[in-house]
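Results of the structural survey
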Amino acid sequence: MTDRIVVDTNVLIVANGRDDTPADLECEDACINLLLEASKGRKTVLLDTSELIMDEYGRRCSYTGTPVGNMFYKYLNDFEHSTSKIIHILIQQTPDEEGGFVNLPPNDFDPDDRKFLAVAKAGDGRVVNATDSDWSEHADFIESLGVRVIELCPQCLK
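Residues numbered from 1 in each chain as written. Predicted model: local features only at pLDDT ≥ 70, side-chain atom pairs only at ≥ 80, totals over all residues. Heavy atoms only, no water.

The N-to-C vectors of helix α3 (residues 52-60) and helix α5 (residues 114-123) enclose an angle of 140 degrees; their axes lie 10 Å apart at closest approach. Considering the angle they form, α3 stands oblique to α5. Seen from above, α3 lies across α5 with left-handed handedness. Contact residues: Leu52, Ile53, Glu56 and Tyr57 in α3; Lys115, Phe116 and Val119 in α5. Residue classes in the contact of α3 with α5 are distributed as five nonpolar, no polar and two charged. (Axes fitted to C-alpha atoms, helices over the stretch in contact; angles between N-to-C directions. Helix = DSSP H or I, 4+ residues; strand = E, 2+ residues; numbered from the N terminus. Parallel < 35°, antiparallel > 145°, perpendicular 65-115°, else oblique. Left-handed = near helix turned anticlockwise from the far one by under 90°. Contact = heavy atoms within 4.5 Å. Nonpolar A, V, L, I, M, F, W, Y, C, P; charged D, E, K, R; others polar.)

Attention shifts here to the pattern of salt bridges. Under the definition given, this model contains four salt bridges. The partner of Glu56 in a salt bridge is Lys115, and the shortest N-O contact between them spans 2.5 Å. Note that Glu56 is positioned in helix α3 and Lys115 in helix α5, a separation of 59 residues in sequence. Across the pair, exposure class does not vary: Glu56 and Lys115 are buried alike. Of the charged contacts in the structure, one is a salt bridge between Asp78 and Lys74, with a shortest N-O distance of 2.7 Å. Of this pair, Asp78 and Lys74 are both found in helix α4 (residues 68-79), four residues apart, which corresponds to roughly one turn of the helix. According to the relative accessible area criterion, Asp78 is partly exposed, its value standing at 39%. (Salt bridge = Lys/Arg side-chain N within 4 Å of Asp/Glu carboxyl O. Buried < 20%, exposed > 50% of the residue type's maximum accessible area, 1.4 Å probe, protein only.)

By the definition in use, this model includes one disulfide. In this structure Cys31 is a free cysteine whose sulfur lies 4.3 Å from that of Cys27, the closest cysteine sulfur available. Between Cys156, a free cysteine, and Cys27, which holds the nearest cysteine sulfur, the sulfur-to-sulfur gap is 4.4 Å. Judged by its relative accessible area of 5%, Cys156 falls in the buried class. (Disulfide = S-S within 2.5 Å.)

Here we come to the sheet that holds strand β5 (residues 149-151). The parallel open sheet is built from five strands, whose spatial order is β3-β2-β1-β4-β5. The open sheet has two edge strands with one neighbour each: β3 (86-89) and β5. With strand direction ignored, the average angle separating the axes of adjacent strands in the sheet is 35 degrees. Inspection of the sheet shows strand β1 (residues 4-7) paired to strand β4 (residues 126-129) by three bridges, in the parallel sense. What sits directly across from Ile5, in β4, is Arg126. α3 contacts β1 and β2 (44-48) of the sheet and is inclined by roughly 100 degrees relative to β2. Strands in contact with α5 are β1, β2, β3 and β4; relative to β1, the strand with the most contacts, it is inclined by about 170 degrees. (Pairing = 2+ DSSP bridges.)

Such coordinate-based values are descriptive only and should not be taken to indicate function.
Next comes the structure, spelled out in structure tokens:
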């Protein structure tokens, strides 16, 4: 089983304990544990070379280092070019809205989440999700691309 992961932004948000998520304490703990494992180098985190994922993280997190979602964002920022446990994957956006990325076929998947899917597909990784139901609602499409999703909080999908 691969340890290469692409982390949806909602995992960082839940780990930060934000009240605007449908997460329960069990979900928050699962997100915290996953991010701690990754930041200790026990997982390989996949990012995109064009910084789309880091830009999205930056809109929802800060470099303060606490709570854990922010700590993970700071870890990625501080070490993204100096460790083999953070890999940058080349993905190419397309001007059309039908697929969004060269390596994705036309689809109706959430355009904001396509970058995670494109990176996972190109980088042979798994997407980690906490509370976004889009991943389970489009499971057949995602599986047809050869991508697996780790649902940390199936009880909290919104």
